[in-house]
Amino acid sequence: MVEGQATDADVVVVGAGPTGLMLATELRLRGVTTIVVDRLTQRSEFGKALNLQPRTAEVLDLRGLLTAAQDRAEGGIPGSHFTVAFLPYTSLDTRYPYQMVLPQAQLEAVLEQRFLELGGELRRGWTVDDVQQDENTVTVHGPDTLTARYVAACDGGRSSIRKLLGVDFPGTAATEYFTMADIRLSPGAKELPQLTEQQRERRSMRRLRRAEPDGSTANLLPYAEPGLYRILYSDHRTTRDEVTRQQIVDGLHRFYGDDYQLQDVLYAGRFGDASRQVEHYRTGRVFLAGDAAHIHFPAGGQGLNLGVQDAFNLGWKLAAVITGTMAETLLDTYHAERHPVGAQVLENTRAQNTLRIQDANHEALRRVLERLLQTPEANQAMAETTSGLAISYGGEAPVGTRLRDFESGGSWASTAFHTGHGVLLARKPQYLEQAQPWASRVVGLHVDNLPLPGCDALLVRPDGHICAAVPHDDLTTALSTWFGAPDTTA
Ligand SMILES: Cc1cc2nc3c(=O)[nH]c(=O)nc-3n(C[C@H](O)[C@H](O)[C@H](O)COP(=O)(O)OP(=O)(O)OC[C@H]3O[C@@H](n4cnc5c(N)ncnc54)[C@H](O)[C@@H]3O)c2cc1C
């Protein structure tokens, strides 16, 4: 609490989407008082993202949340796409070389349950309509007022907080709106794909794709529940008007034929190809994360993943500053590390959006790229980028890269991260002794092997990124840099 000033919580998180809930869970894991507010009175069960990229699966695994997510998954896709090119994930260096098909609402349910189990407070039906901040606190106004030391704006692409603070959102406006709906279809159509239990187990999912000469495309994906589908299609619409039932019927018949009979529309909306990113992820005591900080054309299924990983990067840092173990300067690394990752996703999705243009020049570009992406090196590099596994936070590799999970003594290294602490994996006991004064913040683990040759020990941040490779890097310096001063009593 701020001396002399009453606050309702250390942090108010605005938005109970995947970004807000991931951040709130990370804060509660470290005992930070956190209130999440969301304008929705209940979680929306349909719409939006449908996939987890491999790195996001690893992130959930680092907190022991992956099994709960897998239990709710609807299957898997053994790779991704960069427009014309398939990017197989099978050769990626991860335990999860596929995209998990997990409806966004299911991920939110997993995160919300963990947040509440950790003693967090969630207020639904709570819309923020004003925000003010001074040197020590920030106050959000809604049905009542909440004052905190920090606010996290995780309130989506049309973020109220961003607008209320007058933060610019530079980039390009939407040129086209696409239609998306979660629908129930009558059985009987010839090619109607069904998701079988076997496909679910094999992590394979069949989608029915259609493309027309004018560049219009459609995708029909089955949910696990028989008869339930997601349809996505483009029909060169330039306004974000309401979707009518008749438009969906027309879209279905146009792309798939008249024997596709619509029963129900459970959700319908439009999304555009706007591409924008705030210039700075922090404004005073307010942090922007997820779609509130960046929006883009949803090619390759990267948006939700980007937001969850923003939250995973910010959570432990904000907690370390609030609990007094680290100086405020640690928070600068949130923008420094995550802004370039967001910019790269914007670049990738802009390129994919451009490649949709139907003319001779773009056709030539598509063909050249297709050939290029058939070369193993280029294909692998693009797959590593889209999967999130290539993300590195600077330094000389392996510093900055993620720790690839590995087994030692019959258990996976990832389990050591469940408490949310940093982890020191050491082959030589002397390094564990050296790290003893940081034992309250760093779990020391003796291992018989390390995935990097020539390393005696690896110091890893709570978000799974390596911050020292010993003996190349000095362990004490890295411990102080990332975890603060040693405990005097240890
Ligand atoms: C059609 C479509 C398909 C997509 N497919 C994929 C995909 O396959 N893979 C992928 O990774 N991404 C995908 N995305 C992107 C993904 O859905 C978003 O990136 C993700 O939802 C961002 O999460 P978020 O938590 O940042 O924001 P949101 O999910 O938008 O959550 C924001 C929350 O804030 C709340 N809120 C808003 N304003 C206020 C306020 N003033 N006061 C209180 N609460 C407020 C909202 O109710 C909401 O719950 C897709 C997006 C679209 C549109």
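Remember, it's a predicted structure, so these values are computed and weren't measured experimentally.

This part covers the sheet that holds strand E16 (residues 228-237). Pairing is antiparallel in the open sheet, where five strands are placed in the order E14-E15-E16-E13-E17. Each of the sheet's edge strands pairs with one partner strand only, and the pair in question is strand E14 (208-211) and strand E17 (262-272). In this sheet, adjacent strand axes meet at a mean angle of 15° when their direction is disregarded. In the sheet, strand E13 (residues 177-185) pairs with E16 via eight bridges, with the strands oriented antiparallel. Paired with Met 180 across the bridge in E16 is Leu 232.

Overall, the coordinates contain zero disulfides when judged by the stated rule. Here Cys 455 stays free of any disulfide, with the sulfur of Cys 467 as its closest cysteine sulfur at 12 Å. For Cys 455, a relative accessible area of 8% corresponds to the buried category.

Once that is clear, we can look at the site of the ligand. Neighbouring residues of the ligand: 29 residues in total, closest Asp 38, Lys 48, Asn 51, Asp 291 and Leu 304. Here an oxygen atom of the ligand sits 3.4 Å away from a polar atom, N or O, in the main chain of Leu 50. A distance of 2.8 Å separates a nitrogen atom of the ligand from a polar side-chain atom of Ser 160. Coverage of the ligand by the protein chains reaches 89% of its 1000 Å² of free accessible surface. Here the shell around the ligand takes three residues from helix H8 (residues 303-322), the largest share from any one element. Here the residues of the shell around the ligand sort into 11 nonpolar, 13 polar and five charged.

Turning our attention to the packing of H8 against helix H9 (residues 332-354). Between H8 and H9, the least distance of the axes is 10 Å, while the angle of their chain directions is 170°. The pairing of H8 with H9 is recorded here as roughly antiparallel in orientation. Counted together, Leu 306, Gln 309, Asp 310, Asn 313, Leu 314 and Lys 317 of H8 and Thr 333, Tyr 334, Glu 337, Arg 338, Val 341, Gly 342 and Val 345 of H9 form the full contact between these two elements. Classifying every residue of the contact of H8 with H9 gives five nonpolar, four polar and four charged.

In this section: the sheet that holds strand E3 (residues 51-52). With antiparallel pairing, three strands are arranged side by side in an open sheet as E3-E7-E4. Looking along the sheet, the strands with just one partner apiece sit at the ends: E3 and strand E4 (76-77). Where E3 and strand E7 (residues 99-101) come together, two bridges link them in antiparallel fashion. Paired with Asn 51 across the two strands is Val 101, which belongs to E7.

Definitions and limits used
- Residues numbered from 1 in each chain as written.
- Predicted model: local features only at pLDDT ≥ 70, side-chain atom pairs only at ≥ 80, totals over all residues.
- Heavy atoms only, no water.
- Pairing = 2+ DSSP bridges.
- Helix = DSSP H or I, 4+ residues; strand = E, 2+ residues; numbered from the N terminus.
- Axes fitted to C-alpha atoms, helices over the stretch in contact; angles between N-to-C directions.
- Disulfide = S-S within 2.5 Å.
- Buried < 20%, exposed > 50% of the residue type's maximum accessible area, 1.4 Å probe, protein only.
- Near = heavy atom within 4 Å.
- Polar contact = N/O pair within 3.5 Å; in protein donor to acceptor, adjacent residues only side chain to side chain.
- Areas by Shrake-Rupley, 256 points an atom, 1.4 Å probe, with all protein chains shown as cover.
- Nonpolar A, V, L, I, M, F, W, Y, C, P; charged D, E, K, R; others polar.
- Parallel < 35°, antiparallel > 145°, perpendicular 65-115°, else oblique.
- Contact = heavy atoms within 4.5 Å.

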